[in-house]
Amino acid sequence: MIEVKNLTKRYGDHLAVDNTTFTVGDGEIVGFLGPNGAGKTTTMNMLTGYLSSTEGEILIDGIDILDDPVHAKMKIGYLPEVPPLYPEMTVREYLDFACALKKVPSSERKEAVEKLMKITRIKEMQNRLIGNLSKGYKQRVGLAAALAGDPDVLILDEPTAGLDPKQITEFRDLIRNLSKDHTIILSSHIMQEIQAVCDKVIIINHGRIIATDTPEALSQRILRNNKLELRIKGPRQEVVAGLKQIEEITSIDITRIREEGSLDLMVETKEEADIREKVFRFCSENNYPILQMSTTEMTLEDIFLQITGEREA
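These remarks concern the structure in this document. What you see is a predicted model, and the numbers here were worked out from it, not measured in a lab. (Residues numbered from 1 in each chain as written. Predicted model: local features only at pLDDT ≥ 70, side-chain atom pairs only at ≥ 80, totals over all residues. Heavy atoms only, no water.)

**Focus: the layout of surface pockets**
With a probe scaled to a water molecule rolled over the atoms, the places where space remains empty come into view. To keep it simple, the criterion reads: Here a cavity denotes grid points, spaced 1 Å and computed from the protein atoms alone, that fit a 1.4 Å probe unable to get out, and a pocket denotes an open set having protein on both sides within 12 Å along at least 5 of 7 lines; residues with an atom within 4 Å of a point are the lining. Grid points are joined across faces, edges and corners, and a volume is the space filled by probe spheres set on the points. Note on conventions: DSSP H or I runs of at least 4 residues are helices, E runs of at least 2 residues are strands, and numbering of each starts at the N terminus. Nonpolar residues are Ala, Val, Leu, Ile, Met, Phe, Trp, Tyr, Cys and Pro. Charged residues are Asp, Glu, Lys and Arg, and all others, Gly as well, are polar.
Roughly 570 Å³ of volume is contained in the largest pocket. Around the largest pocket, the lining is made up of 23 residues, and of these Tyr 50, Tyr 78, Leu 101, Lys 102 and Ala 145 lie nearest the centre. Among the elements of the structure, α2 (69–74), β6 (76–79), α3 (91–101) and α5 (135–146) are those that each provide at least two residues to the lining of the largest pocket. Residue classes in the lining of the largest pocket are distributed as 17 nonpolar, four polar and two charged.

**Thoughts on the side chain of Arg 231**
We count it as follows: Residue burial is assigned from relative accessible area. The probe radius is 1.4 Å, only protein chains are included, and a residue is buried under 20% of its type maximum, exposed over 50%, and partly exposed in between. N or O atoms closer than or at 3.5 Å make up a polar contact, with two conditions inside protein: a donor-capable atom paired with an acceptor-capable one, and, for residues adjacent in sequence, both atoms drawn from side chains.
Checked against the element boundaries, Arg 231 lands in strand β11 (residues 226–233). Judged by its relative accessible area of 11%, Arg 231 is buried. Here the side chain of Arg 231 touches Asp 264 through a polar contact of 2.8 Å, side chain to side chain.

**What to know about helix α4 (residues 106–120)**
What counts, and what does not: Each helix should span, by expectation, one fewer than its residue count multiplied by 1.5 Å. We call two residues in contact when some of their heavy atoms are within 4.5 Å.
If you check α4, its first and last C-alpha atoms are 21 Å apart, about what 15 residues at 1.5 Å a residue would give, namely 21 Å. Regarding α4, the residues found buried are Val 113, Leu 116, Met 117 and Thr 120. Tucked inside the fold, the buried residues of α4 contact α3, α5 and α6 (165–178). Of the residues flanking the end of α4, it is Arg 121, one or two places downstream, whose phi is positive at about 60°.

**A short note on the packing of α3 against α5**
Quick note on the threshold: Fitting a line to C-alpha atoms yields each axis, with helices limited to the stretch in contact; the angle taken between N-to-C directions then spans 0 to 180 degrees. Working rule for angles: under 35 degrees goes down as roughly parallel, over 145 as roughly antiparallel, 65 to 115 as roughly perpendicular, anything else as oblique. Working rule for handedness: look at the near helix, and if it is turned counterclockwise from the far one by less than a right angle, call the crossing left-handed; if clockwise, right-handed.
Where α3 meets α5, the axes come as close as 9 Å, and the angle between the chain directions of the two elements is 25°. With respect to α5, the element α3 is oriented roughly parallel. Two packed elements cross with a definite hand, and for α3 against α5 that hand is right-handed. Between α3 and α5, the contacting residues are Val 91, Tyr 94, Leu 95 and Ala 98 on the first element and Val 141, Ala 144 and Ala 145 on the second. When the residues that make up the contact of α3 with α5 are grouped by side-chain class, the tally is seven nonpolar, no polar and no charged.

**Focus on α6**
Formally: Directions from the helix axis toward the C-beta atoms define the arc.
With 14 residues, α6 extends 20 Å between its outermost C-alpha atoms, agreeing within 8% with the 20 Å of an ideal straight helix rising 1.5 Å per residue. The set of residues buried in α6 consists of Gln 167, Ile 168, Phe 171, Arg 172, Leu 174, Ile 175 and Leu 178. The arc enclosing the buried residues of α6, seen along the axis, measures out at 160°, which places them on a common side. Those residues of α6 that are exposed and angled more than 90 degrees off the buried face are Pro 165 and Lys 166. Its side-chain oxygen placed 3.1 Å from the backbone nitrogen of Lys 166, Asp 164 serves as the N-cap of α6.

**Structural notes on the packing of aromatic side chains**
This is how the line gets drawn: Between rings of Phe, Tyr and Trp, where Trp is taken as its six-membered ring, a pair exists when centres lie within 6.5 Å; planes separated by under 30 degrees are stacked, by over 60 edge-to-face, and by other angles tilted.
On inspection of all chains with the given rule, the structure shows six aromatic pairs. When the centroid spacing of 5.3 Å and the interplanar angle of 50° are considered together, the rings of Tyr 50 and Tyr 78 count as tilted. One end of the pair, Tyr 50, is in the loop between α1 (40–48) and β4 (55–60); the other, Tyr 78, is in strand β6, and 28 residues separate them in sequence. Judged by its relative accessible area of 61%, Tyr 50 is exposed. With a relative accessible area of 16%, Tyr 78 lands in the buried category. Aromatic side chains Phe 282 and Tyr 288 sit 5.8 Å apart centroid to centroid with 70° between the ring planes, which places their arrangement in the edge-to-face category. Exposure remark for Phe 282: the relative accessible area of 12% places this residue in the buried category.

Here it is, written out as structure tokens:
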């Protein structure tokens, strides 16, 4: 559905996007992730046709967005971080206006507006002034406008920014449902959001794509150490000294002490090493009860920080 080839954007001497290439298939939800200033928004603005590229190609369903911008843009719905809403309009008036901009025939607009309000669950607000709506409903109205004309592709820039936890959950459900009929690209600073809704993650840093894969596959590709969380009841020095005798263990950190006489430990091991049996035998032989033992998986935030080597602002 979307093909990006050698995309580059320069502002004078500043290289905002540096020779990026990626594809997005039909019905995929792709998360665009990167620190502030990495080039995410610039790339998304080029995908929507709001910015022209310095070099490279963008094909939307095979249509070059520079050669045939009108037809390419008809296939795209865009929700920027701050939707361009008109506060003096009612919800229905604004969506009718959005449908007109997307060249929906006047005879079909009433039905189209009804459908948009049903999809985004805002019909009860249809006669309210947009300026009087909550942040959550404003985002839904912006999403409804992005869906005007039934575009094949939805591009969502920080769609849940500023929403409360309940609104975020509801918006995620909307995104999942929309993926049945639309290809979706979204950027977000909320790691859990990307991990919860996206089929694929594209990580960008300093204008370059540095990783593209599913969240699970990214974790497998860069996971150098396995981690084991332990809570063991026993004397601190003896427990730590004994665990150090297990050759597959590369590091031991005491994380906290929650129960008197016990230790909470984070143990890292060599790649693909499974030390659970050895830990059990050591503790059993020395009469140190194991109160907890669990493996840990890397979150998307762990992956992001390891790949980029920095924290988001």
